[in-house]
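# Report on the structure
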Amino acid sequence: MNYLEHIGKYFMMLGRVFKKPQKGKVFYEALLKEIDDLGLKSLGIIMFISFFIGGVIALQTALNLDNPFIPKSLIGFAAKRSIILEFAPTFCSIILAGKVGSYITSSIGTMRVTEQIDALEVMGINALSHLVLPKVLATVFFYPFLISLGMFLGILGGWVTGVLSGLFSGADYIEGIQTDFDPFLLTYAIIKTLIFAFLIATVPSYHGYYVKGGSIAVGKASTQAVVWTTILIVIANYFLTQMLLT
């Protein structure tokens, strides 16, 4: 029953989140701030991890293809599929869930325990729309760009690995990338990214908004938010793969 209670409160929260903001200028300024906090400040870690993980994927694929009858272009093909289908949209979203999710929960939770949210509601302001809606829009609109950049850098990292290690040539790698290219895979990755971005913004916001207690409770809520966001991303990834690729 406890889980049903949380699910109900979560969807009730969403109903209040998507109400029209009261002041357009204030909302626009908050949206730009959230794009900077939740998106631009995550560029560095996504670029760094994507480049090196792409290199590792290509390197491991090359080391496991020791059969001379298997063309080297298969390395590029396998790296492309792995990065576009799973690594960029799913793995990067889990990283963002840890980085961004804990920030969202702690910021909203701190406002709750210091009664700043109560003050907003006393003034007649829809606190959920004011605090959460800019975060949702910032993640949903910016994260597809972030994940697309992760795809590019992951594939580039695989190419650089081949050139530097000498395990395969850059030409073979590029040939594998171009082999049997299906544009729908990019559409699939972006659809997953949009769903994951929505979860990354709303689930931590729920844990922060309904936190009770003091600073210790905010810390526990941040941990719970990251755990549940990760679990929901993994579950959503399974069902989206079933629906879109089978």
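Criteria and cut-off values
- Residues numbered from 1 in each chain as written.
- Predicted model: local features only at pLDDT ≥ 70, side-chain atom pairs only at ≥ 80, totals over all residues.
- Heavy atoms only, no water.
- Patch = residues over 30% accessible without salt bridge, like charges linked within 9 Å, V, L, I, M, F, W, Y side chains within 5 Å.
- Areas by Shrake-Rupley, 256 points an atom, 1.4 Å probe, with all protein chains shown as cover.
- Salt bridge = Lys/Arg side-chain N within 4 Å of Asp/Glu carboxyl O.
- Helix = DSSP H or I, 4+ residues; strand = E, 2+ residues; numbered from the N terminus.
- Buried < 20%, exposed > 50% of the residue type's maximum accessible area, 1.4 Å probe, protein only.
- Phe/Tyr/Trp six-rings, centres within 6.5 Å; stacked < 30°, edge-to-face > 60°.
- Axes fitted to C-alpha atoms, helices over the stretch in contact; angles between N-to-C directions.
- Parallel < 35°, antiparallel > 145°, perpendicular 65-115°, else oblique.
- Left-handed = near helix turned anticlockwise from the far one by under 90°.
- Contact = heavy atoms within 4.5 Å.
- UniProt positions renumbered as here; feature names shortened; annotations may be inferred.
- pLDDT = per-residue confidence, 0-100.

Named according to an unreviewed UniProt entry, the chain is ABC transporter permease originating from Polaribacter butkevichii.

### What to know about a nonpolar patch on the surface
There is a patch of nonpolar side chains on the surface, built from Y3, V227, W228, I231, I235, Y238, F239 and M243 and spanning about 850 Å² of accessible area. Ranked by residues supplied to the nonpolar patch, first place goes to helix α10 (residues 215–245) with seven residues. Within the secondary structure, W228 is located in helix α10. The exposure class of W228 is partly exposed, given its relative accessible area of 34%.

### Here's the deal with the pattern of salt bridges
For the coordinates displayed, the defined rule picks out seven salt bridges. Among the ionic pairs, D37 bridges to K41, the shortest N-O distance being 3.3 Å. Via salt bridges that share partners, K33, D37 and K41 belong to a single interconnected network.

### Remarks on the packing of aromatic side chains
Taken as a whole and judged by the stated rule, the model has 12 aromatic pairs. With a centroid separation of 5.0 Å and an interplanar angle of 85°, the aromatic rings of Y209 and Y210 are classed as edge-to-face. Residue class for Y210 comes out partly exposed when judged on its relative accessible area of 29%. Grouped by ring-pair contacts, the aromatic residues Y10, F11, Y206, Y209 and Y210 constitute a single cluster.

### A look at the packing of helix α7 (residues 133–165) against helix α9 (residues 184–209)
Closest axis-to-axis distance for the α7/α9 pair is 8 Å, and the angle between their directions is 140°. Overall, the two elements α7 and α9 adopt an arrangement that is oblique. Relative to α9, α7 is oriented so that their crossing is right-handed. Residues K135, V136, T139, V140, Y143, P144, I147, S148 and M151 of α7 form the contact with α9, whose participating residues are L186, A189, I190, T193, L194, A197, F198, I200, A201, T202 and S205.

### A short note on the UniProt feature "transmembrane region" (unreviewed entry) in the chain
When the UniProt feature table is mapped onto this chain numbering, "transmembrane region" (unreviewed entry) sits at residues 43–63, 83–104, 141–164, 185–206 and 226–245. Between the C-alpha atoms that bound residues 43–63 the distance is 30 Å, and the span itself is 100% helix and 0% strand. For residues 141–164, the helix share is 100%, the strand share is 0%, and the end-to-end C-alpha distance is 36 Å.

### A closer look at the packing of helix α3 (residues 43–64) against α7
Two quantities define a packed helix pair, namely the angle between the axes and the distance from one axis to the other. The interhelical angle for the contact between α3 and α7, taken along N-to-C directions, is 40°, at an axis separation of 7 Å. The angle between the axes of α3 and α7 places the two elements in the oblique class. Crossing of α3 over α7 shows right-handed handedness. Here L43, I46, M47, S50, F51, G54, G55, A58 and L59 of α3 come into contact with α7, specifically with F145, L146, L149, G150, L153, G154, L156, G157, G158, V160 and T161.

### Thoughts on unusual backbone geometry
Its identity is not glycine, yet E115 carries a phi of approximately 65°, on the positive side. Take E115: it is sitting in the loop between α4 (73–113) and α5 (116–122). Look at E115 and you get exposed, because its relative accessible area is 55%. With phi around 50°, D180 is a residue other than glycine that occupies positive phi space. Note on placement: D180 falls in the loop between α8 (170–178) and α9.

### Side note on the side chain of T193
Within the element layout of this structure, T193 appears in helix α9. Residue T193 is classed as buried on the basis of its relative accessible area, which comes to 1%. Setting aside residues up to four positions removed in sequence, T193 forms contacts with P89, Y143, P144 and I147.

### Describing the confidence of the model for the chain
Atom-level detail of predicted coordinates should not be read off regions where pLDDT is low. Summarising the model, the chain shows a mean pLDDT of 89, and 100% of its residues fall at 70 or more. Per-element averaging of pLDDT across the chain places α5 at the bottom with 86 and α9 at the top with 94.

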